[in-house]
Amino acid sequence: MQLPVPPREALQVAVNAPLRRLFDYLPPADRQARQVLPGARVWVPLGTRRVVGVVISQALSASREPTAAPGLPAAPELPATATAPRLKAVHEVIDAQPLLSPALMQLLQWTASYYHHPLGEVIAAALPRGLRDGAPAAAPARMLQRWRLTAAGAAAALDGSVGRAPAQRALLGWLADEPQGLTAAELAQRHSGWQRSARLLESRGYVAIHEECLQSEAPSDAENGLAGTAAVTAAPTLSSAQAEAVEAIDAAAGSFGAFVLQGATGSGKTEVYLQCATRVLARGAGVLLLVPEIALTPQLIERFRARLPGALSVLHSGLSDAERLAAWRAVHAGSARIVLGTRSAVFAPLPQLGLIIIDEEHDSSYKQQESGCRYSARDVAVVRAQQGQSPIVLGSATPALETLQNIASGRYRVLQLPRRADQAAAPLLRLIDLRAHAVHQSLAAPTLTAMRRHLQAGSQVLVFINRRGYAPTLLCTGCGWIAPCVHCDARLTVHRAQEQLRCHHCGAVEALPSRCTRCGHAVKPVGQGTERIEQTLQELFPQYPLLRLDRDTAARPAQLDQIVAQLRGGQARILVGTQMVTKGHHFPGMMLAVVLNADQGLFSSDFRAAERLAQTIVQVAGRAGRESEQGEVLIQTEYPDHPLLLSLLSGGYEAFAEEALAERRAARWPPFARLALLRASATDAQAAFEFLSAARAAAPADAHVRLLGPVSPPMARRADRYYAQLLAESADRSALHRFLDAWLTPIESLARTARVRFALDVDPLEIG
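We now turn to the structure provided with this report. (Residues numbered from 1 in each chain as written. Predicted model: local features only at pLDDT ≥ 70, side-chain atom pairs only at ≥ 80, totals over all residues. Heavy atoms only, no water.)

## A few points about the side chain of Arg-608
Here is step 1: Looking at where Arg-608 falls in the secondary structure, it is placed in the loop between β27 (590-595) and α17 (609-621).
Here is step 2: Here Glu-402 takes part through its side chain, which lies 2.7 Å from a polar atom of the side chain of Arg-608.
Here is step 3: Looking at Arg-608, its side chain comes within polar contact range of the main-chain oxygen of Leu-765, at 3.1 Å.
Here is step 4: Setting aside chain neighbours within four positions, we find Arg-608 in contact with Glu-402, Arg-664, Pro-670, Pro-764 and Leu-765. (Helix = DSSP H or I, 4+ residues; strand = E, 2+ residues; numbered from the N terminus. Polar contact = N/O pair within 3.5 Å; in protein donor to acceptor, adjacent residues only side chain to side chain. Contact = heavy atoms within 4.5 Å.)

## Notes on the pattern of salt bridges
Here is step 1: Evaluated as defined, the whole model comprises 29 salt bridges.
Here is step 2: The salt bridge involving Lys-367 is made with Asp-761; its shortest N-O contact spans 3.0 Å. Highlighted residues: Lys-367 in the loop between β13 (353-359) and α12 (377-388) and Asp-761 in strand β33 (residues 757-762), separated in sequence by 394 residues.
Here is step 3: Take Lys-367: its relative accessible area is 5%, and that puts it in the buried class.
Here is step 4: The closest approach of N and O atoms between Arg-706 and Glu-729, which form a salt bridge, is 3.0 Å. Remark: Glu-729 occurs in strand β32 (residues 721-730) and Arg-706 occurs in strand β30 (residues 706-711); sequence separation between them is 23 residues.
Here is step 5: Sharing partners across several salt bridges, the network here consists of Glu-247, Asp-250, Arg-279 and Arg-283. (Salt bridge = Lys/Arg side-chain N within 4 Å of Asp/Glu carboxyl O. Buried < 20%, exposed > 50% of the residue type's maximum accessible area, 1.4 Å probe, protein only.)

## Notes on the side chain of Ser-376
Here is step 1: Structurally, the position occupied by Ser-376 is in the loop between β13 and α12.
Here is step 2: Ser-376 sits in the buried class, given a relative accessible area of 8%.
Here is step 3: Those residues in contact with Ser-376, other than ones at most four positions away along the chain, are Tyr-115, Tyr-366 and Lys-367.

## Thoughts on the pairing of strand β1 (residues 9-15)
Here is step 1: Among the seven residues that make up β1, seven are buried, leaving the element largely enclosed by the rest of the structure.
Here is step 2: Covered by surrounding structure in β1 are Glu-9, Leu-11, Val-13 and Val-15 together with Ala-10, Gln-12 and Ala-14, the residues of both alternating faces.
Here is step 3: Of the pairings in the sheet, the one linking β1 to strand β2 (residues 23-25) comprises three bridges and is antiparallel in character. Residue pairing across strands places Gln-12 opposite Asp-24, the latter belonging to β2. (Pairing = 2+ DSSP bridges.)

## A look at the nonpolar core
Soluble globular proteins tend to bury their nonpolar side chains together.
Here is step 1: If you look at the biggest cluster of nonpolar residues, it comprises 116 residues, and the most contacted ones within it are Leu-100, Ile-123, Ile-392, Leu-575 and Trp-743.
Here is step 2: Counting residues per element, this core draws most heavily on helix α18 (residues 643-667), at eight residues.
Here is step 3: Every residue in contact with Leu-575, bar those within four places of it in the chain, is listed here: Val-461, Leu-462, Val-463, Leu-547, Leu-549, Leu-567, Val-581, Phe-587 and Met-590.
Here is step 4: Core analysis: the second largest hydrophobic core is formed by 33 residues, Val-246, Leu-274, Val-291 and Leu-355 among them. (Core = buried A, V, L, I, M, F, W, Y, C linked by side-chain atoms within 4.5 Å.)

## Some details on the environment of Leu-708
Here is step 1: One can find Leu-708 in strand β30.
Here is step 2: Accessibility expressed as a relative area gives 34% for Leu-708, which makes it partly exposed.
Here is step 3: Distance in space between the C-alpha atoms of Leu-708 and Arg-430 is 40 Å, their sequence separation being 278 residues.
Here is step 4: Not counting residues within four places of it along the chain, the set of residues in contact with Leu-708 comprises Arg-696, Leu-726 and Leu-727.

## Description of the pairing of β27
Here is step 1: Summarising burial for β27: six of the six residues are buried, a large majority.
Here is step 2: As paired strands, strand β19 (residues 460-464) and β27 are joined by five bridges and run parallel to one another. By the bridge assignment for β27, Phe-464 is matched with Val-595.
Here is step 3: Bridge count between β27 and strand β28 (residues 632-637): four bridges; the pairing is parallel. When the sheet's bridge partners are listed, Val-595 is paired in β28 with Ile-635.

## Points about the sheet that holds β19
Here is step 1: Read across the sheet, six strands follow the order β16-β28-β27-β19-β26-β25 without closing on themselves; strand pairing throughout is parallel. A single partner strand is all that each edge strand has here, and the edge strands are β16 (428-433) and β25 (546-549). Pairs of neighbouring strands in the sheet enclose a mean axial angle of 20 degrees, with direction left out of account.
Here is step 2: Packed onto the sheet, helix α14 (residues 445-456) meets β16, β19, β26 (574-577), β27 and β28 and runs at close to 160 degrees relative to β28.
Here is step 3: Across the sheet, helix α16 (residues 557-568) is in contact with β19, β25 and β26; its angle to β25 comes to roughly 140 degrees. (Axes fitted to C-alpha atoms, helices over the stretch in contact; angles between N-to-C directions.)

## Here's the deal with the packing of helix α5 (residues 166-177) against helix α7 (residues 194-203)
Here is step 1: The geometry of α5 relative to α7 is characterised by a closest axis approach of 9 Å and an angle of 80 degrees between their N-to-C directions. When the axes of α5 and α7 are compared, the pair comes out roughly perpendicular. Packed against α5, whose contacting residues are Ala-167, Gln-168, Leu-171 and Leu-172, the element α7 presents Trp-194, Ser-197, Ala-198, Leu-200 and Leu-201 at the interface.
Here is step 2: Considered class by class, the residues forming the contact of α5 with α7 number seven nonpolar, two polar and no charged. (Parallel < 35°, antiparallel > 145°, perpendicular 65-115°, else oblique. Nonpolar A, V, L, I, M, F, W, Y, C, P; charged D, E, K, R; others polar.)

## Some points on unusual backbone geometry
Here is step 1: Residue Pro-671 follows Pro-670 across a cis peptide bond; omega there is 10 degrees.
Here is step 2: Structurally, Pro-671 is set in the loop between α18 and β29 (674-682).
Here is step 3: Cis geometry marks the peptide bond from Gly-709 to Pro-710, where omega comes out at 10 degrees.
Here is step 4: Note on placement: Pro-710 falls in strand β30.
Here is step 5: Its identity as a non-glycine residue notwithstanding, Ser-442 has a phi of 75 degrees, on the positive side.
Here is step 6: For Ser-442, the location among the structural elements is in the loop between β17 (439-440) and β18 (443-444).
Here is step 7: The backbone of Ala-719 shows a phi angle near 55 degrees, a positive value even though the residue is not glycine.
Here is step 8: Here Ala-719 shows up in the loop between β31 (717-718) and β32.
Here is step 9: Relative accessible area serves as the criterion here: at 46%, Ala-719 is assigned to the partly exposed category.

Pasting the structure below:
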């Protein structure tokens, strides 16, 4: 008689590995598959290693219905040819309850699917290192240790058994007077050398350590990874435009709505954020605020701490592993219902999310571009709001062209914040024609005249140049040699203060030579960077204190805070800075802003360069002007008739954006087309090109998708690797993703034998 075959059960698990598949495992011997819930972590064998994985679903035989987390695709059945003995078993279940909620699992699966990246790596990137390594989801219970007398110790204290050891006798007496025992700190207050006596008494069985769980006592904010709380300050009265924005956003509570809050610097976007967040918190829901760079927004963090009730948790890559784990646990446990963070905080485990805010939504920092899953935190946040039926606010004075097109198509609603009635008029923009004026170290005569005028009037002046270092090039005056990076197709940047040449692409550092290493002639720096502009202005305006703000002077948050405090306090009159000066800062005394080297964005091969230049100019202009006095902005250029600059001056960012969108439509560039960029790198250039050529040949035929390339990027060699790229373009988003799904299988097969690395970038920000 043949025995019936028992139904087969298995768990489908995602692991942190560059593999676009899930792994089937048998449940551990003491559990059934149905008892291990999707979203829980497990220890599993992978090859010869023991790794942490996350359960995605249960895969069952045809006699059982496959199950998955709510909102996720149904789990597949195990193939009939796969028998249970062939599967390895889960070593251990880490989480009794799911670490990741069904809503967060759904978002992570969408991210992996849309960006065509392995789900295990996407999940791992959303978790702190401690959780990836198997640490418990909740912080361990806080334990307090007390030393107490044993029964033998109590008897010894009475009969004087340790009479010849006065320190031990004293310790027994102290503990006899304290039946609950004494902590180490309390014993140290009585006698600094108590430890030796305690250990001797412990060895004789007279004293013992007792542990008490302090779960009833709340850990401190610092222990919980919280930014701290403060007394809630009163909210100011809103303008009519602000009030209308708050009411519109609040009316969407409990449903999806995408709002673009557009307003110049000082128009009150942050106040709208705060008052919307206050209402959401009052309903018991959570708030997620994303910012481009956490180190650049100390004022924003302080305003949220002061105005919102409850604890605020800060999540960003600058935290230590322990700090990030503590902050994540606080959010997961509900101790913090306000999360402020950078790109990766879009995956913060807020249990009940009621509002998402993306500040400076146009900023390129929201796009992951270097490694791992190339996701856009802004776009993922919109999907999270849609899946969770909550409103999302995209704030910017210069919205991305994609965002403006979403407004035009009716998908997003724009909320305009005009300049306040008590504000000065928008800064006055003027072009300085470098061809028509004398120039000293990149500073035109009219620029120096305007700086002198504002400084003499007691105002502060900003000089913006988006290039750090002393000079971008070191040139030999004899043979024309230019100092190259030996690892990249790039020139080394001169950093005179450190007497170094540095590569800003791979990080290589060399000593600054005084003579050409090839012919022995003198060398000289060519071009301008923040360090050289700083030196020039110190020579021209020695009586006015000057500060420089870039990655070299503000590598740490404390350095940034010090520079900002000095500027706001008026101790410095001139500020030289890079892109860092445009983000999240308000300097009340700044009346003049000067933009140097604006022309570098006018003729770039990158189709987004003009958009970024226009946004930068508007953001820099926003630094100029007091509350009631109109500021001035000077843009130095050798192309004063360029259409981009003329449209900015005549109609502002809106006029530029309208022209730029028309150009994009005609050229079939985003947002009127969908792009995916396949990048390949190898230790020799030919291998990268051959791989992409083979990938193009293996592409499925699709009339809706066009392939361009392979070609070399502007910098073909970086960090001793050679790069090439192949662009896929389509007017139909769905068609492009179907194409990519089919294309990735042959690409991965080719990569295994071609000895190349490849990465797929969906919706790339840069293609040139």
